[in-house]
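# Fold and contact review
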Amino acid sequence: MKFTDEIQQKFASTVHIRCENDVNEKIKQLVSGGPDKLQIISDFDRTITTSEYNNKQTMSSFSVFEACNSLSEDYKEKARTLLQKYRPIEDNTQMTVAQKLPFIEEWWHQSELFVERPVFPI
């Protein structure tokens, strides 16, 4: 299956891929490059992504990554556990950013532990 097929199956209503061959080739290069050559931009504080679109909560950039079928169930379960622990802190309107920051950094560091080893089949 092409990578773009999986993306379109999961996100057909919100994702449009103009050049499927180019996208498939780029993803193939990311996977074949291995984890040592991969950088991931995560958006825990939603400064890159919006939190709502058409009155529906959107997925963060990291949630999109975690929804990928190529990831192991073990990885997904660990990510869900962290989400359940830290998301209420992230969304807590009674806390200041300064109060949230140590928790968000802890979430980020815990998540990094899961991706230090390959999570995609190479």
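Looking at an unreviewed UniProt entry, one finds the chain named ACYPI006454 protein, with Acyrthosiphon pisum as its source organism.

## Re the side chain of threonine 4
By the element assignment, threonine 4 lies in helix α1 (residues 3-11). A relative accessible area of 0% means that threonine 4 is categorised as buried. The contacts of threonine 4, once residues within four sequence positions are left out, are Ile17, Glu20, Val23 and Asn24.

## Section: the packing of α1 against helix α2 (residues 20-33)
Close contact between α1 and α2 brings their axes to 8 Å; oriented N to C, the two are set at 110 degrees. Classified by the angle between their axes, α1 and α2 sit roughly perpendicular to one another. Contact residues: α1 offers Phe3, Thr4, Ile7 and Gln8, while α2 offers Glu20, Val23, Asn24, Ile27, Lys28 and Val31. Residues that form the contact of α1 with α2 fall into these classes: 5 nonpolar, 3 polar and 2 charged.

## Digging into the packing of aromatic side chains
Within the structure shown, the criterion is met by 1 aromatic pair. Between the aromatic rings of tyrosine 86 and tryptophan 107, the centroid separation amounts to 5.7 Å while the plane-to-plane angle is 15 degrees, which identifies the pairing as stacked. Of the two residues, tyrosine 86 is situated in helix α4 (residues 73-91) and tryptophan 107 in helix α5 (residues 97-115); the sequence distance between them amounts to 21 residues. When its relative accessible area of 1% is taken as the criterion, tyrosine 86 is described as buried.

## Here's the deal with the nonpolar core
If you look at the biggest cluster of nonpolar residues, it comprises 10 residues: Cys68, Leu71, Tyr75, Ala79, Leu82, Tyr86, Ile89, Ile104, Trp107 and Phe114. Residue assignment for this core shows that the elements contributing at least two residues are α4 and α5. Looking at this core element by element, the count peaks at 5 residues for α4.

## Some points on the environment of isoleucine 7
Here isoleucine 7 shows up in helix α1. The spacing of isoleucine 7 and asparagine 69 is 62 residues in sequence and 9.2 Å in space, taken between C-alpha atoms. In contact with isoleucine 7, not counting residues within four places along its chain, are Ala12, Val15, Ile17 and Ile27.

Calculation criteria
- Residues numbered from 1 in each chain as written.
- Predicted model: local features only at pLDDT ≥ 70, side-chain atom pairs only at ≥ 80, totals over all residues.
- Heavy atoms only, no water.
- Helix = DSSP H or I, 4+ residues; strand = E, 2+ residues; numbered from the N terminus.
- Buried < 20%, exposed > 50% of the residue type's maximum accessible area, 1.4 Å probe, protein only.
- Contact = heavy atoms within 4.5 Å.
- Axes fitted to C-alpha atoms, helices over the stretch in contact; angles between N-to-C directions.
- Parallel < 35°, antiparallel > 145°, perpendicular 65-115°, else oblique.
- Nonpolar A, V, L, I, M, F, W, Y, C, P; charged D, E, K, R; others polar.
- Phe/Tyr/Trp six-rings, centres within 6.5 Å; stacked < 30°, edge-to-face > 60°.
- Core = buried A, V, L, I, M, F, W, Y, C linked by side-chain atoms within 4.5 Å.

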